[in-house]
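# Coordinate inspection notes
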Amino acid sequence: MNYFLHELKSSFFSLLKVPAFCFTIILTLGITLGALVTAFNLNYLVFVKPLVYNDHERLVVANHIRVKNHEVDSEGFQSYPSLVEWYKKSNSFDEKALISSDVTQITSISSMPRINASYVTPSYFNITTASMQFGRAFNESEGVNQYKPSVILTDKAWQTFFNREHDVLGKTLAVEDIQFVVVGVLSADFQQPQLTDFRSESLIYLPWDYNTIREESRTSWDDFLPHIQFVGKLKSSLKQQQAQHELTSLSDSGFRRNTQGSEYWKDVSLQARLLTFEQAIIGDSETTSALFFAGVLALLLIAVANATNLFLSRIVEKRRQLAIQAALGAQKQHIFRAMLAESMCLTAGALLLAIAVACCGIYLLQQNAAGQLPRLDEMSLNLPSTIFMLICGITLSFIFAGTASLAVDYRGLSSMLQSSGKGSGLQISSRLRVALAASQITLAIVLLAANFSLMFVASAKISQPLGINTEDTYYFTVTTGNKDLTDLSISQQAKELKKAIEAMPEVEAVSIISATPLSPRMTRSVTHPDRPRDFVRTNVVISDSALQQVFSQKIIAGRQFTEMEVRNNDKVVMISQTLAKVLYEDELSAINKSLIYNGVTYKITTVLADINNPSSNSFEEVLYIPSELEKLTFVFKKKEGVQISKQSIINRVRDYDSKFRVFLYYSMDDLHYRILKRDVATAIITISISMLTLLLASIGLYGILSYNVKMRQYELGVRMAIGANPFHIVKDVLKDNSKAIYWGGSVSVILISLFEGLRKELDFVNFNIDFLPAFTAMLITLLLSVFISIISLNGVANRSPIYSLRNDD
Amino acid sequence: MEKLKIKMKNISKIFYTGEMETHALKDISFDIYEGDYISISGPSGCGKSTLLSLLGLLAPPSSGQYLIENEDVSNLTLTEAATIRNRKIGFVFQQFNLIDELSVVDNVALPLKYQTPPVPLNEARDRAIKCLNRVDLGHRVDHKPNQLSGGQQQRVAIARALIADPAILLVDEPTGNLDSKNGDVVMDMLEQLNKDGTTICMVTHDARYADMAHRQLHLLDGEIVEQKQNVMEAV
Ligand SMILES: Nc1ncnc2c1ncn2[C@@H]1O[C@H](COP(=O)(O)OP(=O)(O)O)[C@@H](O)[C@H]1O
Ligand SMILES: [Mg+2]
């Protein structure tokens, strides 16, 4: 052991003399190992570590599915009255809770921040094993229909809104002008289960009664909503199946009773599907995180192949020293030990860098992947990750030392000292070099192909024109505070407010609209008058006649709405091209024909060009209905070249009515960007990984190929002496490297085909490697290999042969 | 008067390695005529190999003028130099420098591959076999170099140097890696080639072999200190 310590020390000092070598190995291994540890950490949470909640294996989420003709027609959306029915009547659970999440506004704070809130029934806190720093969780007094304005703060909310005051209990927080009394503060380590599709952390908890769902939807069985959920702790005597059965019978009978006589829902049954918390939280991110791990592992392997080669080259350079050691009686194991000491020094350096990289990686994931990957808040450089990292480090040390000592020919070593001739003694076998280079090429192609596949899809989405003008256009909504208004007066107010905004000199046009065309909330069905059973799902946008002025959507046939049609709620509609095609085969013949919506016949006046909405939950089929709205939601277009601030809109609204306030305000470009956020992130991540891959592969290939050239330098000099020109030499070396390129290319084709075959067979991942990206990856990698082959000849092909022929060994 | 093959006028060569300058050749001038057999001798490090390399266009001179068959070759690109090397110069090295992976005949035919356009394979092989016959190795064409003795390898190298009918054969210590018996065989062969008309310029520090040349150049510290006409030629 003492010896080994000594060995470590001397290795350390001898490595200091080759900084470029150490830098390359530590940098490449450190970055990739750090990324691997990050990926491991995530996978550990996804696959191994149990959830933190008590009896977590009994915790379930119940979702609705709609089944039509024995096929699932829709899932993930909930019927509010059915959820309440489950909550009230089911007997399968020890604890039950309802959750709804939404964005809301704190009005008792001057900046009026918009935050995420959850509206829950009292047992939510038992189910999630929540502990309190102060006060209490909700109890029956905050149960359903009690309308008791209490609020529970998370640690962060306590910090943000109350500055960690200790006498916070009993104080009030106004949420959309309702005064809620603080009854408790959750402890800092409380982990909100990310169960719904609304995957943002809630800052405060309010009683279920105050949820933001509209009164009509609360009672309507056929209105299906996102962001609400039923959760429960299964009775220990019951199987999940049995509970699912009970819930299904509750929801289905209620649904049948309440949709009687509806043509549309005739064949549909409303059923329950239970997911464990694990399933709900992890969702489909198992493959994502496994692929993440695989991708990073491939990167690490590139770096390992690279480091192995560098390590071997170093051994070759040290051959004389080794030979002397061998002559002095060093045995195989001594030499192995010396190499191990050196590789351990290097991997130790790489591990230190890896720790930093992993911390950055975890932070970046937490900041950027929230909502897309589960359990991110639990990520940290924990014990399992640290152990994993150490095991990786030790394994790598042994790999490097092992390959290097295998490459040493001990008999060759001793003869080396006698013959002073060149070429004898130690070399990296050409087969090993081909294998190393080929593996780098293979890994690079496969990784790039996968990345390019994702990148191409994302960039196609990002770059496709929307079909509506989003420049200079803004969307905003206004809340009326707790001012009492009848519906009629709201539409009246909307019109007047519209006039007020229109009067602003910066504004070109304003439209009252139910939702922006990029985020149409409403989904309904329409039919062709002659085919009353053929329901076509469409998005519905209700607006006044100014819609076209704001968005300049292309009219394919027909005309704009008139103000008259809006005022009279005339039964006319504009439809999207796709909807026109679905109903009437061809968009031109749809004009002046009719369609049935909500049981009423509408005349089609206009066909509008489709919007290429990148959001996955919108339809190409869109219905535009002219009508006055009982909502204060607007879009406006500002004049070109002038500036308009949010504040000026806020002021204008307040001038109009001091109780009114702007709730949402954003530009359509922002909305577009927000919809594309995931694609932009994908593009950025895949581009970065591609660059990293290319960088690592380049370093690695250069190491191997320039070693090849170095080994052949003298021979190349001879070839030049007998008349080979630089071009011949390049050709010759390319031919030499073509073996590695050939193998690298072929193996990657096999791997990619295998992946594609397995994917089609097993359907285990949600992305595929297309031909074009794979081809591009192949082309780029092969060109890179050729380029590096040429670069590796620097100093040989572009210099007088006398230098190559000089035998300074 | 014999035809002037090579003319070197005030040739110098300086090597720069890092901070260091090595003046390997200083102001060398001499001529070589068709059919000449010249030997260059001198102590180790005096610049013999450098001079041979310059003659063979393996490196350009730092200054001075160099003509081959009246063509100025002092300032050529790498590719131009390669072409002239290929057409007009044959090299024989001390360490034979055959390519281990190639068979004997392929080694010999290699220069033809580097011609533009490359000589067709069949023709190249035929010509290579002819050259091998000239060095008495017609029976070893398909062996690998490492299956041959040192003397045989050197003869293969000579065959390779001859294949393109060079204007001059440059030979750097051809016997340095051979025992005296094999060395004699190689030297006899060179003498025979010269008698058949090949112009030869040879580096050697073996006085016995130097005497076989028509003319001897003696180098010291990069300068020609002595030119000696051999008696043999006068005969
Ligand atoms: N490629 C080169 N780079 C730097 N110095 C060189 C090079 N080739 C030869 N030299 C130097 O030039 C001098 C002459 O070398 P060389 O011609 O090989 O001598 P000889 O062949 O007579 O032994 C020596 O000092 C040698 O170190
Ligand atoms: Mg020499």
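Residues numbered from 1 in each chain as written. Chains lettered and ligands numbered in written order. Predicted model: local features only at pLDDT ≥ 70, side-chain atom pairs only at ≥ 80, totals over all residues. Heavy atoms only, no water.

## Some words on the pairing of strand E7 (residues 168–172) of chain B
Residues and elements named next belong to chain B. So the rule is basically this: To sort residues, take the accessible area from a 1.4 Å probe on protein chains only and compare it with the maximum for the residue type: under 20% means buried, over 50% means exposed, and anything in between is partly exposed. For helices the rule is a DSSP run of H or I covering at least 4 residues; for strands it is a run of E covering at least 2, with both sets numbered from the N terminus onward. Pairing between strands requires that DSSP locate at least two bridges from one strand to the other. For the handedness criterion, the strands are oriented away from the viewer, and a crossover whose path from the first strand over the helix to the second runs clockwise is classed as right-handed.
Within E7, five of the five residues are buried, which leaves it mostly tucked inside the rest of the structure. Covered by surrounding structure in E7 are Ile168, Leu170 and Asp172 together with Leu169 and Val171, the residues of both alternating faces. Relative to E7, strand E6 (residues 89–92) runs parallel, the two sharing four bridges. Among the inter-strand pairings, Phe91 is bridged to a residue of E7, identified as Leu170. Pairing analysis gives four bridges linking E7 to strand E8 (residues 200–203), with the strands arranged parallel. Following the sheet pairing, Leu170 is matched in E8 by Cys201. Taking the sense of rotation as the criterion, the β-α-β connection linking E7, helix H6 (residues 180–195) and E8 turns out right-handed.

## Topic: the packing of helix H1 (residues 2–16) of chain A against helix H11 (residues 332–368) of chain A
All names here are of chain A. Note the cut-off: Only C-alpha atoms enter the line fits that serve as axes; for helices the fit covers just the stretch in contact. Angles between N-to-C directions range over 0 to 180 degrees. Angles below 35 degrees are treated as roughly parallel, those above 145 as roughly antiparallel, those between 65 and 115 as roughly perpendicular, and all remaining angles as oblique. Two helices that cross are described as forming a left-handed crossing if the nearer one is turned anticlockwise from the farther one by less than a right angle, and a right-handed crossing if clockwise. Every residue pair with non-hydrogen atoms within 4.5 Å of one another is taken to be in contact. Note on residue categories: nonpolar means Ala, Val, Leu, Ile, Met, Phe, Trp, Tyr, Cys or Pro, charged means Asp, Glu, Lys or Arg, and polar means any other residue, Gly included.
Following both chains from N to C, one finds H1 and H11 inclined at 60 degrees, their axes separated by 8 Å at the closest point. Considered as vectors, H1 and H11 are oriented oblique to each other. The two elements H1 and H11 meet at a crossing, and its hand is right-handed. Contacts from Tyr3, Phe4, Glu7, Leu8, Ser11, Phe12, Ser14 and Leu15 in H1 reach Arg337, Ala338, Leu340, Ala341, Glu342, Met344, Cys345 and Leu346 in H11. The residue inventory of the contact of H1 with H11, partitioned by class, reads 11 nonpolar, two polar and three charged.

## Side note on the site of ligand 1
We count it as follows: One heavy atom suffices: a residue is near a molecule or strand as soon as one of its heavy atoms comes within 4 Å of it. Distance and chemistry together define a polar contact, namely a pair of N or O atoms within 3.5 Å, with one atom able to donate a hydrogen and the other to accept it when in protein, and with adjacent residues in sequence counting only for side-chain atoms on both sides.
In the vicinity of ligand 1, 14 residues are found, and the nearest of them are A:Arg806, B:Gly45, B:Lys48, B:Ser49 and B:Thr50. With respect to ligand 1, the chains having nearby residues are chains A and B. Contacts to ligand 1 include B:Gly47, whose backbone N or O atom sits 3.0 Å from an oxygen atom. Those elements that provide at least two residues to the shell around ligand 1 are strand E1 (4–17), strand E2 (20–33) and helix H1 (48–55) of chain B. Per-element accounting of the shell around ligand 1 gives the leading share, three residues, to H1(B). Tallied by class, the residues present in the shell around ligand 1 amount to five nonpolar, seven polar and two charged.

## Points about a nonpolar patch on the surface
Residue and element names in this part refer to chain A. What counts is decided by this rule: Patches were defined on residues exceeding 30% relative accessible area and lacking a salt bridge, with like-charge contacts within 9 Å and nonpolar side-chain contacts (Val, Leu, Ile, Met, Phe, Trp, Tyr) within 5 Å. All accessibility values rest on the Shrake-Rupley procedure with a 1.4 Å probe; residue burial counts only the protein chains present in the view. When a carboxyl oxygen of Asp or Glu is within 4 Å of a side-chain nitrogen of Lys or Arg, the pair counts as a salt bridge.
A contiguous nonpolar surface patch, about 610 Å² in accessible area, is contributed by Tyr742, Trp743, Val747, Ile750, Leu751 and Leu754. Secondary-structure assignment places Trp743 in helix H21 (residues 726–762). Trp743 sits in the partly exposed class, given a relative accessible area of 45%.

## Quick notes on the sheet that holds E7(B)
All names here are of chain B. Pairing in this open sheet of six strands is mixed, and the strands run E6-E7-E8-E3-E9-E10 from one edge to the other. The strands lining the two open edges of the sheet, one partner per strand, are E6 and strand E10 (223–229). For this sheet, the mean angle separating the axes of adjacent strands, direction not counted, is 15 degrees. Inspection of the sheet shows strand E9 (residues 215–220) paired to E10 by six bridges, in the antiparallel sense. Bridging from a neighbouring strand, Leu217 pairs with Gln227 of E10. Packing against the sheet, helix H2 (residues 78–88) makes contact with E6 and E7, and its axis sits at approximately 80 degrees to E6.

## With respect to the confidence of the model for chain B
Applicable threshold: For every residue, the predictor assigns a confidence score, pLDDT, that lies between 0 and 100.
Scored by pLDDT, chain B comes out at a mean of 90, with 97% of its residues at no less than 70. For this predicted complex, the interface confidence comes out at an ipTM of 0.92, alongside a pTM of 0.78.

## Digging into the pattern of salt bridges
All names here are of chain A. Counted under the stated rule, the structure contains 39 salt bridges over all chains. A salt bridge links Arg531 to Asp534, with the nearest nitrogen and oxygen atoms 3.5 Å apart. Judged by its relative accessible area of 32%, Arg531 is partly exposed. Close ionic contact of Arg559 with Glu565 constitutes a salt bridge, the shortest N to O distance being 2.7 Å. Salt bridges here are not isolated pairs; linked through shared partners, they connect Arg712, Glu715, Arg719, Asp732 and Asp736.

## Remarks on the domain arrangement of chain A
Residue and element names in this part refer to chain A. For clarity, the cut-off: The domain limits used here are those given by an automatic or database domain assignment. The term buried area means the drop in 1.4 Å probe accessible area that two parts suffer when joined, counted for both and summed.
Segmenting chain A into domains produces domain 1 (1–57 + 287–422), domain 2 (70–266), domain 3 (429–464 + 678–808) and domain 4 (473–674). On the side of domain 4, 10 residues touch domain 2, which itself brings 11 residues to the contact. With both chains or domains summed, domain 2 and domain 4 bury close to 960 Å², and 50% of this area falls on carbon and sulfur atoms. In this assembly, domain 2 and domain 4 are joined by one salt bridge. Residue Asp177 pairs with Arg661 through a salt bridge whose shortest N-O separation is 2.7 Å.

## Section: the UniProt feature "transmembrane region" (unreviewed entry) in chain A
What counts is decided by this rule: UniProt positions are given in the numbering used here, feature names are shortened, and annotations may be inferred rather than shown by experiment.
As annotated in UniProt, the feature "transmembrane region" (unreviewed entry) corresponds to residues 21–47, 290–312, 344–366, 386–413, 434–458, 680–705, 740–759 and 771–796 of chain A in the numbering used here. From the first C-alpha to the last, residues 740–759 of chain A spans 28 Å; its make-up is 100% helix and 0% strand.

## Quick notes on the interface of chain A and chain B
In this assembly, 22 residues from chain A lie in contact with 22 residues from chain B. Carbon and sulfur atoms make up 63% of the surface buried where chain A meets chain B, a total of about 1,900 Å² over both sides. Counting the surface chain A buries against chain B, the share from its top three residues, A:Arg719, A:Ile722 and A:Ile802, is 31%. The interface formed by chain A and chain B includes six residue pairs in polar contact (both at pLDDT 80 or more). Mapped onto the side of chain A that touches chain B, the elements with two or more residues apiece are helix H20 (668–721), H21 and helix H23 (801–805) of chain A. The dominant element in the side of chain A that touches chain B, judged by the number of residues it contributes, is H20(A), at six residues.

## Structural notes on the packing of aromatic side chains
Residues and elements named next belong to chain A. To keep things clear, this is the line we draw: A pair of aromatic rings is counted whenever rings of Phe, Tyr or Trp (Trp by its six-membered ring) have centres within 6.5 Å, and the orientation is called stacked for planes under 30 degrees apart, edge-to-face for over 60 and tilted otherwise. For a Lys NZ or an Arg CZ to count as sitting over a ring, it must be within 6 Å of the ring centre and within 35 degrees of the ring normal.
Within this structure, the stated rule accounts for 35 aromatic pairs over all chains. Between the aromatic rings of Tyr53 and Phe277, the centroid separation amounts to 6.1 Å while the plane-to-plane angle is 85 degrees, which identifies the pairing as edge-to-face. With Tyr53 in the loop between helix H2 (19–48) and strand E1 (59–68) and Phe277 in helix H8 (residues 277–282), the pair connects residues that are 224 residues apart, well separated along the chain. Take Tyr53 and Phe277: they sit in the same class, and that class is buried. Measuring from centroid to centroid gives 6.4 Å for Phe476 and Tyr665, while their planes differ by 35 degrees, and the two rings are tilted. Separated by 189 residues along the polypeptide, Phe476 in strand E14 (residues 473–479) and Tyr665 in strand E24 (residues 661–667) bring together distant segments of the chain. Of the two residues, Phe476 and Tyr665, both sit in the buried class. Each member of the aromatic cluster is reached from another via a ring pair, and the members are Tyr124, Phe125, Phe138, Phe190 and Tyr205. Taking the ring centre of Phe21 as reference, the NZ or CZ of Arg314 above it sits at 5.5 Å. Directly above the ring of Tyr803 sits Arg799, whose terminal nitrogen or CZ lies 4.0 Å from the centroid.

## Observations concerning the pairing of strand E3 (residues 37–41) of chain B
Residues and elements named next belong to chain B. Buried residues dominate E3, accounting for five of its five residues. Residues Tyr37, Ser39 and Ser41 point to one face of E3 and Ile38 and Ile40 to the other, with burial holding for every one of them. As paired elements, E3 and E9 share four bridges and run parallel to each other. Its bridge partner lying in E9, Ile38 is registered against Arg215.

## So, the environment of B:Pro111
Within the secondary structure, B:Pro111 sits in helix H3 (residues 104–113). If sequence neighbours within four positions are ignored, B:Pro111 has contacts with A:Ile722, B:Asn86, B:Arg160 and B:Ile163.

## A look at the nonpolar core
Residue and element names in this part refer to chain A. As a reminder of what qualifies: As used here, the term nonpolar core means buried Ala, Val, Leu, Ile, Met, Phe, Trp, Tyr and Cys residues forming a set that is joined through side-chain atoms within 4.5 Å.
Grouped together as the largest cluster of nonpolar side chains are 64 residues, with contacts concentrated most on Phe21, Leu29, Met339 and Ile769. In this structure, this core is formed jointly by two domains, domain 1 (1–57 + 287–422) and domain 3 (429–464 + 678–808), each of which donates at least three residues. If near-sequence neighbours (up to four positions away) are discounted, Phe21 is found in contact with Leu15, Leu310, Phe311, Arg314 and Leu346. Core analysis: the next-biggest nonpolar cluster, separate from the first, contains 40 residues, Met504, Leu583, Tyr602 and Ile604 among them.

## Examining the environment of B:Ile14
Residues and elements named next belong to chain B. Relative to the assigned elements, Ile14 resides in strand E1. What makes Ile14 buried here is its relative accessible area of 18%. Taking C-alpha positions, Ile14 is 5.7 Å from Ala24, a pair spaced 10 residues apart along the chain.

## With respect to helix H3 (residues 80–89) of chain A
In an α-helix, one turn spans 3.6 residues, which is why side chains three or four residues apart end up on the same side. Among the 10 residues in H3(A), eight count as buried, and that is most of the element. Burial in H3(A) covers these residues: A:Tyr80, A:Pro81, A:Ser82, A:Leu83, A:Val84, A:Glu85, A:Trp86 and A:Tyr87.

## Details of the side chain of A:Ser706
Residues and elements named next belong to chain A. In this fold, Ser706 is placed in helix H20. Reaching out from Ser706, the side chain makes a polar contact with the backbone oxygen of Gly703 at a distance of 3.4 Å. The residues touching Ser706, leaving out its near neighbours within four places in the chain, are Leu701 and Ser792.

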